[in-house]
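Overview (structure and organization)
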Amino acid sequence: MFEQSGGTLAMMALVHRARRAGAAGDLAALRTTARDMLAQLETASAGRLPKADEQELDRLYDTAFPLTDPADPADVLDAPWRTTARLAALRALLGGQQSPDVRLDALVVAALDAGDLNLLRVVALTPLGEICGTSRALLLDALQAAGELDDEVVERFAADTDTVRKLVGRGSPVVASATGDRFRPALHDRMWELVCAPALDEDRLLTLPVPRGLRFVRWALDFTGNWRVARHLGAAALTSAERGELIGLLRGAPVERQERAFTLRLAAGDAQALLPLLGLAGAERLLRLIQTGQATSRVVRNDRAAILAAAAEAGGADVARLLKLVPNDVVAAALGLRRGPVMTRVAKDSPVGLTAYGMLPPADGETVLDRWVALREVHRRGMEFSPERRRQHAVALDVALDHLAQVGGYADAAALDEAGEAHSPTPVPPPLVVGPYTAAVGFVAGEPAVVASKGGRVLKSLPKAVREDPGMVALREHHELVRGHASRLRGRLHRLVTTGVPVPPAELARLRATPVGAGLLPLLVWQDQGGLFGLLDDVDATGPVSAAHPATLAAAGLLGRWQAEAARRRLCQPVPQLFREWYAPTPEELTGDATRFTGRVIDGGAAARELASRGWSLHDTAQPYATRRLGEHTAVLHAVTAGYWAAGDVGFTRLEFRDGDTAMPADRVPPVVFSEAVRDLDRAAWAGRRSVGDYSTGLARSRAELLTAVLGDGGPDRITRHGDTVVVDGSRAVYRLHLGTDAVVIGDRPGPRDLSYSFGDTQHPALFQPVERADHATTRLLTRILLLAEDEKITDEWTLEKLGLLPHGTVPACSMCGSDHLWG
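Conventions we followed
Residue numbering note: each chain is counted from 1, following its sequence as written. Only residues with pLDDT of at least 70 get local features here, since the model is predicted, and only at 80 or more are side-chain atom pairs given and counted; chain-wide, interface and lining totals rely on the full set of residues. Neither water nor hydrogens contribute to the side-chain values; these are computed over all heavy atoms in the structure. Helix and strand definitions here come from DSSP, where helices need a minimum of 4 consecutive H or I residues and strands a minimum of 2 consecutive E residues; each element is numbered from the N-terminal end. Working definition: with a 1.4 Å probe on protein chains only, accessible area under 20% of the residue-type maximum means buried, over 50% means exposed, and in between means partly exposed. Two residues qualify as a contact provided that any one of their heavy atoms is within 4.5 Å of a heavy atom in the partner residue. Shrake-Rupley sampling with a 1.4 Å probe provides the accessible areas, and residues are treated as covered by the protein chains on show and by no other component. Counted as positive: Lys and Arg. Counted as negative: Asp and Glu. His and the chain ends are not counted at all. Where a charge lies is defined by one atom per residue type, namely NZ (Lys), CZ (Arg), CG (Asp) and CD (Glu). Pairing of aromatic side chains requires ring centres within 6.5 Å, counting the rings of Phe and Tyr and the six-membered ring of Trp. Pairs whose planes differ by under 30 degrees are stacked, by over 60 edge-to-face, and all others tilted. Only C-alpha atoms enter the line fits that serve as axes; for helices the fit covers just the stretch in contact. Angles between N-to-C directions range over 0 to 180 degrees. Oblique is the label for any angle not covered by the other classes, which are roughly parallel (under 35 degrees), roughly antiparallel (over 145) and roughly perpendicular (65 to 115). By definition, turning the near helix anticlockwise from the far helix through less than a right angle yields a left-handed crossing, and turning it clockwise yields a right-handed one. Residue polarity is assigned by list, with Asp, Glu, Lys and Arg as charged and Ala, Val, Leu, Ile, Met, Phe, Trp, Tyr, Cys and Pro as nonpolar; anything else, Gly included, falls into the polar class. Residues belong to one nonpolar core when they are buried, are Ala, Val, Leu, Ile, Met, Phe, Trp, Tyr or Cys, and are joined through side-chain atoms within 4.5 Å. One bridge is not enough; two strands pair if DSSP finds at least two bridges between them. pLDDT gives the predictor's per-residue confidence on a scale running from 0 to 100.

**A closer look at the overall build of the protein chain**
For the protein chain, the count of helices and strands is 38 helices and 17 strands. The C-alpha extent of the protein chain, read off along each of the three principal axes, is 100 × 75 × 60 Å. Burial statistics for the protein chain: of 824 residues in total, 48% are counted as buried. Taking the contacts inside the protein chain whose residues are at least 6 apart along the sequence as the reference set, 62% of them involve residues at least 24 apart. Summing over all exposed atoms, the protein chain offers an accessible surface of approximately 37900 Å²; the carbon and sulfur share of this is 53%. A gap of 4 Å separates the mean positions of the 94 positive and 102 negative side-chain charges of the protein chain.

Below is the structure:
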């Protein structure tokens with residue numbers, strides 16, 4: 001009752017203020033009062049205005065802001081209060097729209113088409129109607145691009161914290177980075193208000209993006225409550241000056257406070273700046289490896305040589321103390337630490353424990369091959385797990401064996417498998433004969449499988465009699481072990497494709513003699529020493545052969561032909577090859593003056609993690625750069641950072657290549673070297689995208705190549721490609737689908753459309769899977785293109801509504817949540 005009375009009294013005071021402003025003819029005061037009244041009405045305690053007050057306010061605002069041209073949308077909307085006359089004029093303008101909340105999205109579309117910035121600004125500021133999130137993003141981006149996103153418009157939207165959170169959020173940006181940055185100060189001020197409130201709304205704070213400013217870090221240092229809140233705010237982005245001030249505040253502080261600050265700054269990406277305070281100067285590189293060598297939801301491959309080099313670089317630093325502050329069992333294992341805890345985790349089949357076990361140096365009396373045999377037994381143990389845990393277990397074992405291969409000095413895990421099989425061969429069960437059926441482990445579409453045959457004819461599925469036979473236990477166990485070998489051989493094949501390293505004849509013959517090699521090697525395109533490209537049986541294997549890279553095939557003018565052949569054969573390859581993303585130098589990259597990413601704003605934390613996971617060494621010097629060794633060459637990426645790679649935004653300015661100390665022009669390095677270096681940058685830029693229009697150009701091209709190969713020369717006339725956009729001239733509408741962003745635009749609407757959840761989830765019959773474990777997003781997008789090319793066959797009402805093709809008033813409820821999503 002008290003709250004209700006308080007809200008009513010507040011509204012009464014505001015109405016009285018409006019009367020005074022109207023009597024004085026003070027238009028500015030009327031606008032301010034209208035804004036305050038609308039804000040008050042949105043609170044739960046305000047209730048509704050009495051009818052007499054509504055009528056009085058209508059008279060006051062219609063007098064002060066008279067409507068002169070009911071046919072002009074800008075004139076109709078340019079008023080601070082929702083009077084009855086204004087709303088009636090607006091509804092008439094919109095064709096008699098009768099929904100409770102008047103929707104202005106059609107006016108945004110019209111203003112964008114006409115380039116009418118004044119109308120866009122009026123729509124942004126008017127209280128008379130609402131716009132959806134897509135319209136809002138397009139409107140704000142248009143105003144920002146024209147330099148018209150002023151403080152008044154920003155203040156109008158900044159009042160809604162949820163809206164601002166979407167505008168400034170990272171990972172899935174909805175606006176350009178420059179547009180989102182205009183709203184950051186307002187968001188940070190709002191977050192500071194929440195921090196300073198008498199009752200801390202922890203859940204609300206944790207839903208908001210990480211802020212900027214030293215004030216948040218200082219608050220987090222002193223906060224003794226929920227550690228999640230302290231960690232969230234303590235990772236606030238800092239300028240170089242603020243970082244220096246923080247170091248000054250911590251100098252001479254108790255060790256516990258210094259360590260707390262260090263822990264808080266780990267997520268911010270600049271914790272290495274505090275290492276000297278902790279007596280850990282020189283451990284910067286090791287800290288980066290500790291941080292990038294682990295993830296919360298997956299196991300990570302680590303580079304043992306890099307860990308040992310970084311530990312040596314740390315010199316006299318207390319590495320054990322650093323690992324206590326930032327635990328990482330794999331790094332500790334590489335340094336011979338924490339053997340007992342690691343073995344305890346292995347006994348519990350912990351995925352991280354398994355990967356650390358692979359990195360541990362052999363114990364006294366143990367050999368690397370003894371460890372390989374032990375991991376084989378761990379693999380057998382994991383076969384009893386549930387399907388999802390069994391998958392996670394298998395992935396962890398692959399990484400563990402990769403680590404063990406590094407410990408033993410083997411080229412890769414597949415080479416370790418060969419040595420292990422020679423040391424302790426895995427028993428191979430004989431074919432299982434059940435009545436007229438014979439079952440054995442074989443390969444289907446490049447994947448190990450238990451295959452049954454009858455009378456020499458391979459069956460599509462296992463008969464019930466075979467599935468229920470007790471002998472299937474041994475076959476299933478062998479099948480799982482073969483799958484592990486196949487996974488590790490794929491790792492070697494991936495390395496062969498991405499490096500161009502030739503395979504000597506003896507090694508090739510040894511691989512072909514194994515069941516896994518015999519199943520996978522013929523599915524790739526090879527190049528022999530004479531320069532001939534072909535499948536394995538079509539090239540000269542008496543000399544060294546190389547797995548062809550798509551950039552090499554493109555340079556030879558043969559990529560399109562081989563992609564068409566793959567589509568004809570419906571060839572499913574063990575690793576991405578013919579439809580792998582590839583890159584050729586742009587004019588700017590040929591001169592070394594810029595990269596294709598120059599000018600793009602990229603989130604440094606995400607980009608740094610992606611680059612580090614791909615083998616790049618990041619250097620936080622006065623002129624930041626990153627390096628990666630690619631065969632005989634070294635790629636050097638020059639960048640602009642906010643002091644540290646992972647702290648704030650970065651820009652990729654220049655990419656160069658070196659052969660030893662000699663700089664090499666981009667067109668002088670092998671195509672595979674240039675392509676793989678730029679692919680890494682493309683993936684890092686995509687991971688750190690900050691603008692809604694950012695996308696992976698390589699991914700867009702590979703999707704276009706797959707679509708072209710599937711359609712062939714006689715593809716449907718309805719499908720055409722314009723750059724990275726596919727235009728589908730359907731029978732119901734024209735659709736534009738972007739191959740990089742997955743956005744679907746229908747008709748003349750400027751914004752993308754949300755399609756139904758299931759539309760395109762089932763692969764179109766015309767498509768084929770070009771690689772084992774194909775990208776689902778690519779399959780779904782290409783399926784959508786093919787379905788829209790025959791849109792007359794779409795009959796599902798929910799899909800038609802999401803496409804905007806149903807008549808008004810026939811919108812069905814969403815099968816997922818029951819809402820109609822009319823404006824979603």
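**Structural notes on the packing of aromatic side chains**
Applying the stated criterion across every chain, the model contains seven aromatic pairs. Ring plane angle 10° and centroid distance 6.1 Å describe the contact between Tyr 61 and Phe 65, whose orientation is recorded as stacked. For the pair shown, Tyr 61 and Phe 65 are each scored as buried. With 4.4 Å between their ring centres and 20° between their planes, Trp 219 and Phe 223 make a pair best called stacked. In this structure, Trp 219 and Phe 223 share a single accessibility class: buried.

**A look at the packing of helix H14 (residues 214-222) against helix H15 (residues 227-234)**
Running from N to C, H14 and H15 cross one another at 155°; their axes reach a closest spacing of 8 Å. Here H15 runs roughly antiparallel to H14, going by the angle between their axes. Note that H14 runs across H15; the crossing there is left-handed. From H14, Phe 216, Val 217, Trp 219 and Ala 220 reach across to H15, where they touch Val 229, Ala 230, Leu 233 and Gly 234. Here the contact of H14 with H15 is composed, by residue class, of seven nonpolar, one polar and no charged.

**So, the nonpolar core**
Of all hydrophobic cores here, the largest spans 107 residues; its most connected members are Phe 262 and Leu 322. Residue contributions to this core peak at eight residues, all from helix H25 (residues 387-408). When residues no more than four places from it in sequence are discounted, the contact partners of Phe 262 are Ala 271, Leu 274, Leu 275, Leu 278, Leu 287, Leu 322, Leu 325 and Val 326. Core analysis: the second largest hydrophobic core is formed by 44 residues, Leu 523, Leu 571, Ala 700 and Ile 785 among them.

**Focus: the sheet that holds strand E15 (residues 725-729)**
Pairing within the open sheet is antiparallel, and its four strands lie in the order E14-E15-E16-E17. If you trace the sheet from one side to the other, it starts and ends with strand E14 (719-722) and strand E17 (744-746), each paired once. With direction set aside, neighbouring strand axes in the sheet form an average angle of 20°. As paired elements, strand E16 (residues 734-738) and E17 share three bridges and run antiparallel to each other. Along E17, the bridge assignment pairs Leu 737 with Val 744. In the packing of helix H37 (residues 776-788) onto the sheet, the strands contacted are E14, E15 and E16, and the crossing angle to E16 comes to about 170°.

**Concerning the confidence of the model for the protein chain**
Summing up the model confidence of the protein chain, the mean pLDDT is 91 and the portion of residues at 70 or higher is 96%. Taken together, the stretch residues 809-824 has pLDDT below 50 and engages in 26 contacts with residues farther than four places along the chain or on a different chain.

**Some remarks on the side chain of Arg 600**
Position of Arg 600 relative to the elements: it lies in the loop between helix H33 (587-591) and strand E8 (602-603). In contact with Arg 600, other than residues within four places in its own chain, are Val 650, Gly 651, Ala 685, Asp 694 and Tyr 695.

**Describing the pairing of strand E2 (residues 437-444)**
Summarising the sheet, strand E1 (residues 432-434) and E2 pair through three bridges and their orientation is antiparallel. Its bridge partner lying in E2, Val 434 is registered against Tyr 437. Linking E1 back to E2 in an antiparallel pair, the connection comprises two residues, with Gly 435 at a positive phi of about 60°. Relative to strand E3 (residues 447-454), E2 runs antiparallel, the two sharing eight bridges.

**A word on the sheet that holds strand E7 (residues 545-547)**
Read from one edge of the open sheet, three strands run E6-E5-E7, paired in antiparallel fashion. For this open sheet the edge positions go to strand E6 (533-535) and E7, each flanked by a neighbour on one side alone. The average angle at which neighbouring strand axes cross in this sheet is 40°, direction not considered. As paired strands, strand E5 (residues 525-528) and E6 are joined by three bridges and run antiparallel to one another. Across the sheet, residue Gln 527 finds its bridge partner in E6, namely Phe 533.

**Quick word on the pairing of strand E12 (residues 649-659)**
Sheet analysis places E8 next to E12, joined by two bridges and oriented antiparallel. Looking at the pairing, Asp 603 lines up with Asp 649 of E12. Here strand E11 (residues 633-640) pairs with E12 via seven bridges, running antiparallel. By the bridge assignment for E12, Leu 637 is matched with Leu 655. Bridge count for E12 against strand E13 (residues 662-664) is three bridges, and the pairing is antiparallel. When the sheet's bridge partners are listed, Arg 658 is paired in E13 with Ala 663. Counting the residues in the hairpin turn of E12 and E13 gives two residues, including Gly 660, whose phi is positive at 70°.

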